[in-house]
Amino acid sequence: ATIVDVRKIMKTALDHKAIGIILCHNHPSGNHNPSNEDISITAKIKQAASTLDINLLDHVIITPTKCFSMADNSLI
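Residues numbered from 1 in each chain as written. Predicted model: local features only at pLDDT ≥ 70, side-chain atom pairs only at ≥ 80, totals over all residues. Heavy atoms only, no water.

The next subject is the side chain of histidine 32. Inspection of the secondary structure assignment puts histidine 32 in the loop between strand S1 (20–26) and helix H2 (36–51). In this view, histidine 32 contacts His27, Ile61, Thr63, Lys66, Cys67 and Phe68; residues no more than four positions away in its chain are not counted. (Helix = DSSP H or I, 4+ residues; strand = E, 2+ residues; numbered from the N terminus. Contact = heavy atoms within 4.5 Å.)

Right, here's the structure in full:
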């Protein structure tokens, strides 16, 4: 588990004048499927980004052997 600060993510995007962002994090367990918390925080970040006219393009979960794209799996 980790803490995600949506405000810091949005500040970084704004500081870089981003019009789109891609989130990425790892699952050391090797399970590439998103948890309910992953899906929930992605929705929260998408809403915050949308308010600032920033497009959340994808959220990718990486493991040592696989990856999972929320965009490719219709979760964004």
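Before going further, it helps to examine the side chain of aspartate 58. With respect to the helices, strands and loops of the structure, aspartate 58 is situated in strand S2 (residues 55–62). No salt bridge is formed by the buried aspartate 58. Its closest oppositely charged neighbour is lysine 46, at 11 Å. Side chain to side chain, aspartate 58 and serine 69 meet in a polar contact 2.6 Å long. At a separation of 2.9 Å, a polar atom in the side chain of aspartate 58 contacts the main-chain amide nitrogen of alanine 71. (Buried < 20%, exposed > 50% of the residue type's maximum accessible area, 1.4 Å probe, protein only. Lys, Arg positive; Asp, Glu negative; His and termini not counted. Salt bridge = Lys/Arg side-chain N within 4 Å of Asp/Glu carboxyl O. Polar contact = N/O pair within 3.5 Å; in protein donor to acceptor, adjacent residues only side chain to side chain.)

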